[in-house]
Amino acid sequence: MRLLLGSFWRAVAYCVHPRVIGLSLLPLLLMVAGAFALGYFFWDRAVDAVLAWLQSWAAVEFALSWLDSVGLGALGVVVAPLLVLALATPLIVVSALLLVAFSMTPALVELVALRRYPDLERRRGGGVLGSVLWSLWSALLALLLLALSVPLWLIPPLALVLPPLIWGWLTYRVFAYDVLASHASADERRALLQQHRLPLLAMGVLVGLLGAAPSVVWVSGAMFIALAPLLVPLAIWIYALIFAFAALWFAHYLLTALQHLRAGEAGGDAAGAGPAATGVAHVAGKLARPAASDIVDVEARPGPAAAPASAAAAPSALPPANGSAAP
């Protein structure tokens, strides 16, 4: 929990860094240009198609007629545009997330690494191509899950739970891979994602809930239609800043977790080598120290006593050689 909260507040502090704000302008410009281009070419046709689809339903036609009869016909006019914006919101969110992941995340990870982890080894377990394929595949799965879950949105609790959960899953998959692509090996990345799966998913869900803030702009009513040229760039910039915050949060969390993982591995290696080294020293000491039975006593001991000189001078008791008797 300390790592989760500590990395959260660090990410909040980094969001006001001039470099982070400057980097957020690139996805903003790209998204605004793309949104207005699509609106210019497809807006009218999309609204007409949705309006024709609504009018094909008798219940919707009755509701629109009733609104017109009570003097609220103007509300019926904005139903189709708002529905088009609501349908376009998932595409806008996914596009903003991928643009931030591709254009901002490497620079944000570099900023965090240089300021906090300059000595952290870069093992480059992922590349640019792997990051792109991973992000696109994750985004495709998220959109598919979102489309399949639409009928469940009619159940009020699930309508509040499923979209943030899907966006959280997508956010954690994309940013976790991109943050670790440069610094962690493939095995380290898999180990970290396995060990920290629940905290990372919780971080992604929280980011998904924050991402609902710009969505309020899409459904803010008829006033949004009049102020669309102003509010569309504002909403897109909020998306960019939210996902930039997510990239910073994941960077602080995962780089710290990676540092702890390597420190734990180094400590385990040292602990494993300790008993072996002690055993070797013990054996070497025993070999260098001879056993007690092998010690040779070289202390001088006294030899046998010398014979007295008188014994050497005593006469021989043997008879003379010539056989004569003694005088």
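The shown structure was predicted, so the numbers you read here are calculated from the model rather than taken from an experiment. (Residues numbered from 1 in each chain as written. Predicted model: local features only at pLDDT ≥ 70, side-chain atom pairs only at ≥ 80, totals over all residues. Heavy atoms only, no water.)

Caption draft 1: Structural view of the packing of helix α2 (residues 18-55) against helix α5 (residues 105-116). In the contact formed by α2 and α5, the axes pass within 11 Å of each other and the chain directions differ by 175°. Here α2 is positioned roughly antiparallel relative to α5, judged by the angle of their axes. Of α5, the residues touching α2 (which contributes Arg19, Val20 and Leu23) are Ala107, Leu108 and Leu111. Here the contact of α2 with α5 is composed, by residue class, of five nonpolar, no polar and one charged. (Axes fitted to C-alpha atoms, helices over the stretch in contact; angles between N-to-C directions. Helix = DSSP H or I, 4+ residues; strand = E, 2+ residues; numbered from the N terminus. Parallel < 35°, antiparallel > 145°, perpendicular 65-115°, else oblique. Contact = heavy atoms within 4.5 Å. Nonpolar A, V, L, I, M, F, W, Y, C, P; charged D, E, K, R; others polar.)

Caption draft 2: Summary view of the packing of helix α6 (residues 128-149) against helix α7 (residues 156-180). Two elements in contact, α6 and α7, have axes whose closest approach is 9 Å; the angle formed by their N-to-C orientations is 175°. By the criterion of interaxial angle, the relationship of α6 to α7 is roughly antiparallel. Residues Gly130, Ser131, Trp134, Ser135, Trp137, Ser138, Ala139, Leu141, Ala142, Leu145, Leu146 and Ser149 of α6 form the contact with α7, whose own contacting residues are Leu162, Pro163, Ile166, Trp167, Trp169, Leu170, Arg173, Val174, Tyr177 and Asp178. Considering only residue class, the contact of α6 with α7 consists of 15 nonpolar, five polar and two charged.

Caption draft 3: Main features of the environment of leucine 91. Locating leucine 91 in the fold gives a position in helix α4 (residues 73-103). What makes leucine 91 exposed here is its relative accessible area of 51%. Between the alpha carbons of leucine 91 and leucine 143 there is a distance of 8.3 Å; along the sequence they are 52 residues apart. (Buried < 20%, exposed > 50% of the residue type's maximum accessible area, 1.4 Å probe, protein only.)

Caption draft 4: Expanded view of the environment of tryptophan 53. Among the structural elements, tryptophan 53 can be located in helix α2. With a relative accessible area of 48%, tryptophan 53 lands in the partly exposed category. Along the primary structure tryptophan 53 and alanine 80 are separated by 27 residues, whereas in three dimensions their C-alpha atoms are 9.4 Å apart.

Caption draft 5: Spotlight on the nonpolar core. By size, the foremost hydrophobic cluster in this structure holds 62 residues, and its most contacted members are Leu170, Phe175, Leu200, Phe243, Trp249, Phe250 and Leu254. If one sorts the elements of this core by residue count, helix α12 (residues 228-288) sits on top with 20 residues. Leucine 254 has contacts with Ala176, Val179, Leu180, Leu192 and Leu200, leaving out every residue within four places of it along the chain. (Core = buried A, V, L, I, M, F, W, Y, C linked by side-chain atoms within 4.5 Å.)

Just distances and angles here, no functional claims.
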